[in-house]
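Architecture at a glance
One letter stands for each residue in the lines below.
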Amino acid sequence: MTRKRTAALVGNPNAGKSALFNALTGARQKIANYPGVTVERKAGRVMLPSGEPVELIDLPGSYSFDAASPDEEVTRKVVHGEFEGEAQPDVIILVVDAANLEQHLVFAQEVLELGRPTVVALNMIDLAERDGLTLDPAALSAALGVPVVSTVAVRRRGLAELAAAIAEAETHADEEAHRQWHLTLPERRLSAKHMARAAILSKSTRHTIENGVDRVLLNPWIGPVILFALLFVIFQAVFAWATPFADALEAGVASLSQGVSDSVPSGFLRDFLTEGVLAGVGSVVVFLPQIVILFFFILVMEASGYMARAAFLMDRLMAGVGLSGKSFIPLLSSFACAIPGIMATRSIPDAKDRLTTILVAPLMTCSARLPVYAVIIAAVIPDTRVGPGIGLQGLVLFALYLAGIVGAMVVALVLRSTVTRGAASGFIMEMPRYQMPRIKDLAIGLWQRAWVFLRRAGTIIFTVTIVLWLMLSFPKAAPGESQMDASIAGKIADVMYPVLEPIGFNREISLALIPAMAAREVAVSALATTYAVDAEDEDVAAAGVTDKIAALWSLPTALAFLAWFVFAPQCISTIAVARRETNGWKWPAFMVGYLFLLAYLFAGITYWSATALGL
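Here the residue index of a chain counts from 1 through its sequence in written order. With the structure being a predicted model, the display of local features is reserved for residues of pLDDT at least 70 and the display and counting of side-chain atom pairs for 80 or more, all residues being used for whole-chain, interface and lining totals. Side-chain metrics in this entry use all non-hydrogen atoms of the structure; hydrogen atoms and water are not considered.

**Quick notes on the overall build of the protein**
- Numbered from the N terminus, helices here are DSSP runs of H or I no shorter than four residues, and strands are runs of E no shorter than two. On a plain count of helices and strands, the protein comes out with 30 helices and 11 strands.
- When a residue's accessible area, from a 1.4 Å probe over protein chains only, is under 20% of the maximum for its type it is buried; when over 50% it is exposed; and in between it is partly exposed. Buried residues in the protein amount to 52% of all 615 residues.
- Whether two residues touch is decided by their heavy atoms; if any such pair falls within 4.5 Å, the residues are in contact. Of all intrachain contacts in the protein linking residues separated by at least 6 positions in sequence, the fraction that spans at least 24 positions is 74%.

What follows is the structure, given as C-alpha cells:
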C-alpha cells in the first residue's frame, strides 16, 4: 500500500498559515493534540490537480528551528522527522507575508537550508499591493531557488496554482540549495534584505504614514492614555448601547412567561417553564447585547491591527511584575474566555513565566462574568451621568475590569518573587499592518461568539438551572413553610450560609455560588430561579431578577458579590484545562485555593467597609 503524501505549512506567526490551511482543506480537517504534548495538531486533506490526496499539516508558527517554546519545538521535530508517530513531510509549504518579506525570509532561509522539496506561498499579496508594494514572484523564486506562488488565503486566490506547485515539487533534496543556504543568522538577515529588495519593484509612502501613527499610539506616555481611554469608551458603550436591546429581550421573556402562565394549567409543567426555563435561562439570554457589543470592539481592535499595539504598550507593565509581553497575549485572550487564554501560553518559552501566566489568567474578567456584573450594576448602581457622556454604571464596570487586571499583576508579582521565581523572558512581536476591518468578517465573528453564548445558555446553563429548579421545588413545602426552607437546595444553602454570612452573603447567594462553578453566568440564572420558586405570588415571580435584587439586597451585599466575582475561580472547564497544561493537579489546586481565599477576603473587606461607611 502506497503511503499518502504529506505536506506541512510552516512560517512565522501572523503569516496567514491557518487561513491558508482552512482555504485549502475546507471541511476536510481534524484537530487534536500531538501525542504527549498539549500543542494543537491540525491536519486536513488537499486534492491535487491529478486527483491525488495529500495530507496537509498546519504547524505552529516559528521564528527559528532553534526552538524557544513548546510550539516551536513541535515544528522543528516534525519538519526534521524527529517527532515519534509523525511522518516527515514530503513537501514543505513555506508561508511568508508579502508585505513583510525581509523579516519572514530570515526563517525562510533556515527552511531552505534543509534542502527539502519546498514551495513558497507569498501570502496576503493583496494587502502588500494595497500598501503600494509591487512584488515580482518570479524574481523571488529565482533568488530562493524554489517555486513561489502568490496567494490571498481569505479570498481563495492562488489556491489552484499552489496545489499544482505542490504536485510538481521535487522528490529529492537539492544539495546545491542546501549548500547555498548554509548561513549564519547575521548572513541570513543580510541575504533576506537583499532578496526582499530584489522582489519589491516599488513601494509607496503608506509605511511612512503608518510609522507616524505608531509614533503616537506607541508613545510610552501618550499610548497608554489612548489605550485606557478606548477601554473606558468600550465599557460605557456596553451599557449605553445595549440597554434598548436588553430591555426588549427582557420584555420578550416576560411576555413569554405571561403567555405560558395564561395558557398552561397550574402544575409541574407550568412551573418548569416559567420558573426553570424562562426565569432561569431567560435571565441570562437578555444579556446577549452586552456580549455582542463587547466582542464587536475586541474584533475591531484585532482586525485593525491595534490589538498588537496594545500588547506592545503593556510590555513595560508586564516586565514590572516579572513577566514579558509574551504573557500579555494569553491574558488578553482570557478577557473572552480563560480556556483559550491558558492554551495560548504554549508560545511562552520560559516554563516559570508560562506557569505564572496560567495561574493568573482566571483573574482576567472573562465574558461569562459580564452578565453577573451587568445584572448587579443595573440593580444597585443608579443610571446617572457623572460627566459629559460618562455614565456611573459604565464607570463601575470599567473599575471591575481594572480591578481584575490590577489583581492579576499583583498576584503575578508575588508569584514571581516566591513559588515561580525566575527572570522574565524576552519579547519579540511583529506589528501587523493597519487595515479597515471587513464588515463580513466582523459579522461572522460576532455571529460565532453570539452562537457560543446562546449554545452555553441552551446546554450548560439550561441543564444546571433545571437541576437547581428541581432541587428548589422538592420536597414541597408544608402550609406556612417557605419553599426555600423545605427544599433540598435550601438544606444545602443552610450548610454554606454560616460560612458566607460574615461577608454579607444571604442564603440565595450562598446557593447560587455552587452552580456558578459550572459557568459564571449560571449565578444569574440560579438567583432568578431561586427567587421565582420562592415567590409567594405570580406577580413577584414574574418580576425580573434585577428588580428582585434591587428590592432585597443591601448595597454592601451587592458590592461584596461583585468583589467575589472579580477574584473567584473560573468554571470547572478552566480548571480542567489548567490541569492538562500543567500535567497534574498540583497547580490547579493551588490556583483554586488562592482564588477562593482572595474572593472571600476582598468580598469581606468590601462588605465591612461599605457597612462602616453607612452605604
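**Points about the packing of aromatic side chains**
- Stacked, edge-to-face and tilted labels apply to pairs of Phe, Tyr and Trp rings (six-membered ring for Trp) whose centres lie within 6.5 Å, assigned for plane angles under 30 degrees, over 60, and everything in between, in that order. Going through the model one piece at a time under the given rule, you end up with 19 aromatic pairs.
- An angle of 15° between the planes, with centres 6.0 Å apart, marks the rings of phenylalanine 335 and tyrosine 401 as stacked. Linking phenylalanine 335 in the loop between helix H15 (328-333) and helix H16 (338-343) with tyrosine 401 in helix H19 (residues 392-417), this pair joins segments that are 66 residues apart in sequence. Accessibility classification places phenylalanine 335 together with tyrosine 401 in one group, the buried group.

**So, the pattern of salt bridges**
- Throughout this description, the term salt bridge denotes a Lys or Arg side-chain nitrogen within 4 Å of a carboxyl oxygen of Asp or Glu. Taken as a whole and assessed by the stated rule, the structure comprises 13 salt bridges.
- Between arginine 76 and glutamate 73 there is a salt bridge, and its shortest N-O distance comes to 3.0 Å. With a gap of three residues between them, arginine 76 and glutamate 73 both fall in helix H2 (residues 70-79), about one helical turn apart.
- Judged by relative accessible area, which is 27%, glutamate 73 ranks as partly exposed.
- Members of the salt-bridge network, linked through shared partners, are Glu73, Arg76, Lys77 and Glu82.

**As for unusual backbone geometry**
- Between phenylalanine 474 and proline 475 the backbone carries a cis peptide bond, its omega angle lying at -10°.
- Within the fold, proline 475 resides in the loop between helix H21 (460-473) and helix H22 (483-486).
- Of note, methionine 124 is a non-glycine position whose phi angle comes to about 55°, a positive value.
- Tracing the chain through its elements places methionine 124 in the loop between strand S6 (118-123) and helix H4 (125-130).

**Things to note about the nonpolar core**
- Judged by nonpolar contacts, the single largest core of 121 residues is most densely connected at Phe505, Phe561 and Trp564.
- Considering each element in turn, this core owes the most residues, 11 residues, to H19.
- With near-sequence residues (within four places) excluded, tryptophan 564 lies in contact with Leu500, Ile503, Phe505, Leu513, Phe596, Ala599, Tyr600 and Ala603.
- Ranked by size, the runner-up nonpolar core spans 36 residues in total, among them Ile57, Phe65, Ala99 and Leu144. The set of buried Ala, Val, Leu, Ile, Met, Phe, Trp, Tyr and Cys residues whose side-chain atoms join them within 4.5 Å is what this entry labels a nonpolar core.

**A closer look at helix H11 (residues 243-263)**
- Under the 1.5 Å per step criterion, the end-to-end length of H11 is 30 Å for 21 residues, consistent within 8% with the ideal 30 Å.
- Residues Ala246, Val253, Ser257, Val260 and Ser261 constitute the buried set of H11. Buried residues of H11, seen end-on, are gathered within an arc of 105° and therefore sit on one face of the element. In H11, those exposed residues whose orientation departs by more than 90 degrees from the buried face are Phe245, Asp262 and Ser263. Here, expected helix span is obtained from the residue count minus one, scaled by 1.5 Å. The directions from the helix axis to the C-beta atoms are what the arc is built from.

**Some remarks on a nonpolar patch on the surface**
- For patch detection, residues must exceed 30% relative accessible area and be free of salt bridges, and they are connected within 9 Å for like charges or within 5 Å for nonpolar side chains (Val, Leu, Ile, Met, Phe, Trp, Tyr). Computed by Shrake-Rupley with a 1.4 Å probe, the accessible areas treat only the displayed protein chains as cover when residues are assessed. A cluster of nonpolar side chains, namely Phe228, Leu402, Val406, Val410 and Val414, defines an oily patch on the protein surface of about 380 Å² accessible area.
- At four residues, H19 tops the list of elements feeding residues into the nonpolar patch.
- Inspection of the secondary structure puts valine 406 in helix H19.

**Here's the deal with helix H10 (residues 222-240)**
- Here H10 is 19 residues long and its end C-alpha atoms lie 27 Å apart, about the 27 Å a rise of 1.5 Å per residue gives.
- Gly223, Leu227, Phe232, Ile234, Phe235, Gln236, Ala237, Val238 and Phe239 are the residues of H10 that are buried.

**A look at the side chain of glutamate 110**
- Position of glutamate 110 relative to the elements: it lies in helix H3 (residues 101-112).
- Side-chain atoms alone can form a polar contact between residues adjacent in sequence; in general such a contact is a pair of N or O atoms within 3.5 Å, and within protein one must be able to donate a hydrogen while the other accepts it. At 3.3 Å, the side chain of glutamate 110 forms a polar contact with the side chain of serine 64.

**Here we look at the packing of helix H13 (residues 288-304) against helix H18 (residues 370-380)**
- Note on definitions: angles span 0 to 180 degrees between N-to-C directions of axes, and those axes are lines fitted to C-alpha atoms, for helices only across the stretch in contact. One can describe the packing of H13 onto H18 by two numbers: an axis separation of 10 Å at closest approach and a directional angle of 120°. Relative to H18, H13 is oriented oblique. The way H13 lies across H18 gives a crossing that is right-handed. Seen from H13, the contacting residues are Gln290, Ile291 and Leu294; seen from H18, they are Leu370, Pro371 and Ala374.
- Classification used: nonpolar for Ala, Val, Leu, Ile, Met, Phe, Trp, Tyr, Cys and Pro, charged for Asp, Glu, Lys and Arg, polar for all others including Gly. Among the residues making up the contact of H13 with H18, the classes are represented as five nonpolar, one polar and no charged. An angle counts as roughly parallel when it lies under 35 degrees, as roughly antiparallel when it exceeds 145, as roughly perpendicular when it falls between 65 and 115, and as oblique in every other case. Here a crossing is taken to be left-handed if its near helix is turned anticlockwise relative to the far helix by less than a right angle, and right-handed if that turn runs clockwise.

**Some details on the pairing of strand S1 (residues 6-10)**
- Burial of S1 is extensive: five of the five residues sit out of reach of the surface.
- Strand pairing is defined by DSSP finding a minimum of two bridges between the two strands. Two elements, S1 and strand S4 (residues 53-58), share four bridges in a ladder whose sense is parallel. In the sheet register, leucine 9 faces S4, and the bridge partner there is aspartate 58.
- Two strands pair when backbone bridges link them, and S1 and strand S5 (residues 91-97) are joined in this way by four bridges, in the parallel orientation. Along S5, the bridge assignment pairs alanine 7 with valine 91.

**Points about the packing of helix H17 (residues 351-360) against helix H30 (residues 586-612)**
- Closest axis-to-axis distance for the H17/H30 pair is 10 Å, and the angle between their directions is 45°. Taken together, the axes of H17 and H30 are oblique relative to one another. Judged by the sense of rotation from one axis to the other, the crossing of H17 with H30 is right-handed. For the pair formed by H17 and H30, the contact residues are Leu355, Ile358, Leu359 and Val360 on the first element and Trp587, Phe590, Met591 and Tyr594 on the second.
- Split by residue class, the contact of H17 with H30 holds eight nonpolar, no polar and no charged.

**Some details on the environment of leucine 359**
- Along the chain, leucine 359 falls in helix H17.
- Here leucine 359 falls in the buried class, since its relative accessible area comes to 1%.
- Along the primary structure leucine 359 and tyrosine 594 are separated by 235 residues, whereas in three dimensions their C-alpha atoms are 9.6 Å apart.

**Remarks on the environment of phenylalanine 596**
- The topology assignment puts phenylalanine 596 in helix H30.
- A relative accessible area of 33% means that phenylalanine 596 is categorised as partly exposed.
- In this structure the C-alpha to C-alpha distance between phenylalanine 596 and alanine 568, which are 28 residues apart in sequence, comes to 5.5 Å.

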